[in-house]
Amino acid sequence: MILVTGGAGFIGSNFVLDWLEHPQTRDEAVVNLDALTYAGNLRNLESLQGNAKHVFVRGDICDRELMDRLLEQHRPRAIVHFAAESHVDRSIHGPGEFMRTNVQGTFTLLEAARAHWASLPESERSAFRFHHVSTDEVYGSLAPGAPAFTETHPYEPNSPYSASKAASDHLVRAWHHTYGLPVVTTNCSNNYGPYHFPEKLIPLMIVNALAGKPLPVYGDGQQIRDWLYVKDHCSGIRAVLQGGRLGETYNIGGWNEQANIDIVKTICALLDELRPDPAGAYARLITHVADRPGHDRRYAIDARKIERELGWRPAETFESGIRKTVQWYLDHAEWVAEMQSGEYREWLETNYVQRGA
Ligand code: NAD
Ligand code: DAU
């Protein structure tokens, strides 16, 4: 079996669902550890009710005793580590929790993994994997026309979030170099798709448009991100977990650079087609608001290494992926409504009111 951390969040829940569906992995059980912060939602995993291959445990990766107990009890052959605080804007308003979960939590998990790994018989020890799920944001911001990030690009994190992820990447690297822990790290670009919490650009724009609310574009909207459909990220992680070389990092990306304003216009056009608003075209709601402090201008991933070594490429185009995503939000109004708790409304106040949205 494998242990997944953060498997009730956006990417983690997509990964667990995919794992237990995919013909090559579905017979291998998943222990899913998640603290169920504001970003975690057991609803994402509803379809696994009654599936004995899925064991959910509510808990914190900073809890060393719990980690030791889980590893001893379940003896996973791999840990796939998603659990993190993941939203850049929240890291600007309150960096403390990012340091605790992303840095201290990864440290705690690495130490628990190291003790577990050392206790395994030799045959199991060499097969063990610690897969660290990280981000392209650790590389900083690219100038227009500069080549996309390769795995050897210097680390230049700019936000408290990306600095905390960079720190966690360094810890993982050191635990391999010093202790020989069998690790692999993946650095992925911006994901989108089902179960994406509506604090992030794509789901926020869909949810706001459907509610007739302003679509708050930071600054000039010309910042570029490289978007990947979440299920492609999951297949990339599976490929690296299975065949990635120990101690290596692999970039995962969609070869799909787009300016934020173009993403928002695409969403508006799809909604005009799928759920026309009698009040007029959704693009009328686009509102430029104060920029994000320290806003990275451009990310782009060079994903040739994972393709060359492991034969991975994204299956989804942006056109097909964004259409599926908008349709998913139209079909899951109840999920969206549940996510819009008091905490969510408070966050909107904190982040948007002072921006003039
Ligand atoms: P998310 O915020 O949607 O989910 C994070 C999950 O981790 C939640 O379920 C939350 O409850 C859980 N969690 C938080 N703190 C915890 C703790 N202390 N102990 C246990 N569980 C805890 O995040 P996401 O977008 O699904 O991202 C998952 C991982 O992928 C993160 O490590 C993130 O840095 C990385 N990543 C995300 C993207 C993206 O576009 N979203 C891209 C590249 C990499
Ligand atoms: O690149 C990978 C990263 O992508 C992940 O590591 C992070 O966990 C994930 O949150 C994401 O970070 P971004 O900051 O790129 O994503 P976000 O959806 O917050 O913003 C995308 C872009 O849209 C960014 O340039 C900021 C802008 N934006 C965002 C919001 C929420 C807006 O213009 N308006 C908004 O309301």
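An unreviewed UniProt entry lists the protein under the name dTDP-glucose 4,6-dehydratase, from Ideonella lacteola. According to its UniProt record, the protein has this under Cofactor (unreviewed entry): "NAD(+)". In its Sequence similarities (unreviewed entry) section, the UniProt record describing the protein reads: "Belongs to the NAD(P)-dependent epimerase/dehydratase family. dTDP-glucose dehydratase subfamily."

Trainee: Just to check I follow, could you spell out the UniProt feature "domain: NAD(P)-binding" (unreviewed entry) in the protein for this structure?
Mentor: UniProt's entry tags residues 3–325 with the feature "domain: NAD(P)-binding" (unreviewed entry), counted in the numbering of this structure. Taken as a whole, residues 3–325 contains 40% helix and 16% strand, while its terminal C-alpha atoms sit 28 Å from one another.

Trainee: When you look at the site of ligand 1 in this model, what are you seeing that I'm missing?
Mentor: The full set close to ligand 1 counts 29 residues, and Ile 11, Asp 34, Ser 86, Tyr 161 and Lys 165 are the nearest of them. Contacts to ligand 1 include Gly 9, whose backbone N or O atom sits 3.0 Å from an oxygen atom. A distance of 3.4 Å separates an oxygen atom of ligand 1 from a polar atom in the backbone of Leu 36. Here ligand 1, which alone exposes 830 Å², has 96% of that area covered by the protein. Of all the elements in the fold, those that place two or more residues in the shell around ligand 1 are α1 (10–19), α4 (96–119), β5 (129–135) and α6 (160–179). If one sorts the elements of the shell around ligand 1 by residue count, β5 sits on top with three residues. Taken together, the residues that form the shell around ligand 1 break down as 13 nonpolar, twelve polar and four charged.

Trainee: What is the right way to read unusual backbone geometry from this model?
Mentor: Only a minority of non-glycine residues have a phi that is not negative, and only a minority of peptide bonds are not trans. You will see that Arg 75, though not glycine, has its phi angle at about 45°, which is positive. Topologically, Arg 75 is positioned in the loop between α2 (64–74) and β4 (78–81). Residue classification places Arg 75 among the partly exposed positions, given a relative accessible area of 40%. Non-glycine residue Trp 255 carries a positive phi angle of around 50°. Inspection of the secondary structure puts Trp 255 in the loop between β11 (249–252) and β12 (257–259). A residue is classified by how much of its surface remains accessible, and Trp 255, at 40% relative accessible area, is partly exposed.

Trainee: Would you explain helix α11 (residues 318–331) in this entry?
Mentor: Counting along an α-helix, one turn takes 3.6 residues, and residues three or four places apart therefore face a common direction. Counted at 1.5 Å a residue, the expected span for α11 with its 14 residues is 20 Å, and the 20 Å between its end C-alpha atoms agrees. Looking at α11, one finds that the buried residues are Phe 318, Gly 321, Ile 322, Thr 325, Val 326, Trp 328, Tyr 329 and Leu 330. The elements touched by buried residues of α11 are β7 (191–192), α7 (201–210), β10 (228–229), β12, α9 (260–274) and α12 (333–339).

Trainee: Is there a simple way to explain the pattern of salt bridges in this structure?
Mentor: In a structure, side chains of opposite charge can pair up when their charged atoms sit close to one another. In this structure the tally under the stated criterion is 26 salt bridges. The salt bridge partner of Arg 245 is Glu 248, with a shortest N-O separation of 3.7 Å. Judged by its relative accessible area of 22%, Glu 248 is partly exposed. Through salt bridges that share partners, Arg 43, Glu 46, Glu 334 and Glu 338 make up one connected network.

Trainee: How should I be thinking about the pairing of β5 in this particular structure?
Mentor: On a regular strand, each side chain points to the face opposite its neighbour's, so the side chains alternate between the two faces of the sheet. With seven of seven residues buried, β5 lies mostly within the body of the structure. The two faces of β5 match: Arg 129, His 131, Val 133 and Thr 135 on one face and Phe 130, His 132 and Ser 134 on the other face are all buried. Alignment of β4 against β5, held across four bridges, turns out to be parallel. Within β5, the residue paired with Ala 78 across the bridge is Arg 129. Here six bridges tie β5 to strand β6 (residues 183–188), and the two strands are oriented parallel to one another.

Trainee: In this structure, what is going on with the site of ligand 2? I would like to understand it.
Mentor: Neighbouring residues of ligand 2: 24 residues in total, closest Asp 136, Tyr 161, Arg 292, His 295 and Tyr 352. Contacts to ligand 2 include Asn 190, whose side-chain N or O atom sits 2.7 Å from an oxygen atom. When isolated, ligand 2 has an accessible area of 690 Å², and the protein chains bury 94% of it. Contributions of two or more residues to the shell around ligand 2 are made by α7 and β8 (215–218). Residue contributions to the shell around ligand 2 peak at three residues, all from β8. Of the residues belonging to the shell around ligand 2, the class tally is ten nonpolar, eight polar and six charged.

Trainee: Where do I start with the nonpolar core in this structure?
Mentor: Where a protein is soluble and globular, its nonpolar side chains tend to be buried together. Judged by nonpolar contacts, the single largest core of 68 residues is most densely connected at Ile 2, Val 4, Phe 15, Val 80, Ile 202, Ile 267 and Ile 322. In terms of residue count, the dominant contributor to this core is α9 (seven residues). Ignoring anything within four residues of it in the chain, the contact list for Ile 202 reads Tyr 192, Trp 227, Ile 263, Ile 267, Ile 322 and Thr 325. Among the nonpolar cores identified, the runner-up in size contains 23 residues, and Val 31, Leu 70, Phe 130 and Val 172 belong to it.

Criteria and thresholds
- Going along each chain's sequence as written, the residues are numbered from 1 onward.
- As a convention, the first chain written is A and the first ligand written is 1, with the rest following in written order.
- Only residues with pLDDT of 70 or above have their local features reported here, since the model is predicted, and side-chain atom pairs are shown and tallied only from 80 upward, although totals for entire chains, interfaces and linings are computed over all residues.
- To get the side-chain values, all heavy atoms of the structure are used, and hydrogens and water are removed first.
- UniProt positions are given in the numbering used here, feature names are shortened, and annotations may be inferred rather than shown by experiment.
- Helical segments are the DSSP runs of H or I of at least four residues, strand segments are the runs of E of at least two, and each set is numbered from the N terminus.
- To be near a molecule or strand, a residue needs just one of its heavy atoms within 4 Å of it.
- Polar contacts, as counted here, are pairs of nitrogen or oxygen atoms within 3.5 Å of one another; within protein the pair requires one atom able to donate a hydrogen and one able to accept it, and residues that are adjacent in sequence qualify only if both atoms are side-chain atoms.
- Residue burial considers only the protein chains on display, and all accessible areas are found by Shrake-Rupley using a 1.4 Å probe.
- Think of it as three bins: nonpolar holds Ala, Val, Leu, Ile, Met, Phe, Trp, Tyr, Cys and Pro, charged holds Asp, Glu, Lys and Arg, and polar takes everything else, Gly as well.
- Throughout, exposure labels follow a simple rule: accessible area from a 1.4 Å probe, protein chains only, divided by the maximum for the residue type, with under 20% read as buried, over 50% as exposed, and the rest as partly exposed.
- Expected helix span is taken as 1.5 Å per residue step, with the number of steps being one fewer than the number of residues.
- Contact between two residues is taken to exist if any of their heavy atoms lie within 4.5 Å; hydrogens are not considered.
- A carboxyl oxygen of Asp or Glu within 4 Å of a side-chain nitrogen of Lys or Arg is what we treat as a salt bridge.
- At least two DSSP bridges between two strands are needed for those strands to be called paired.
- By convention a nonpolar core is built from buried Ala, Val, Leu, Ile, Met, Phe, Trp, Tyr and Cys residues, the set being connected through side-chain atoms within 4.5 Å.

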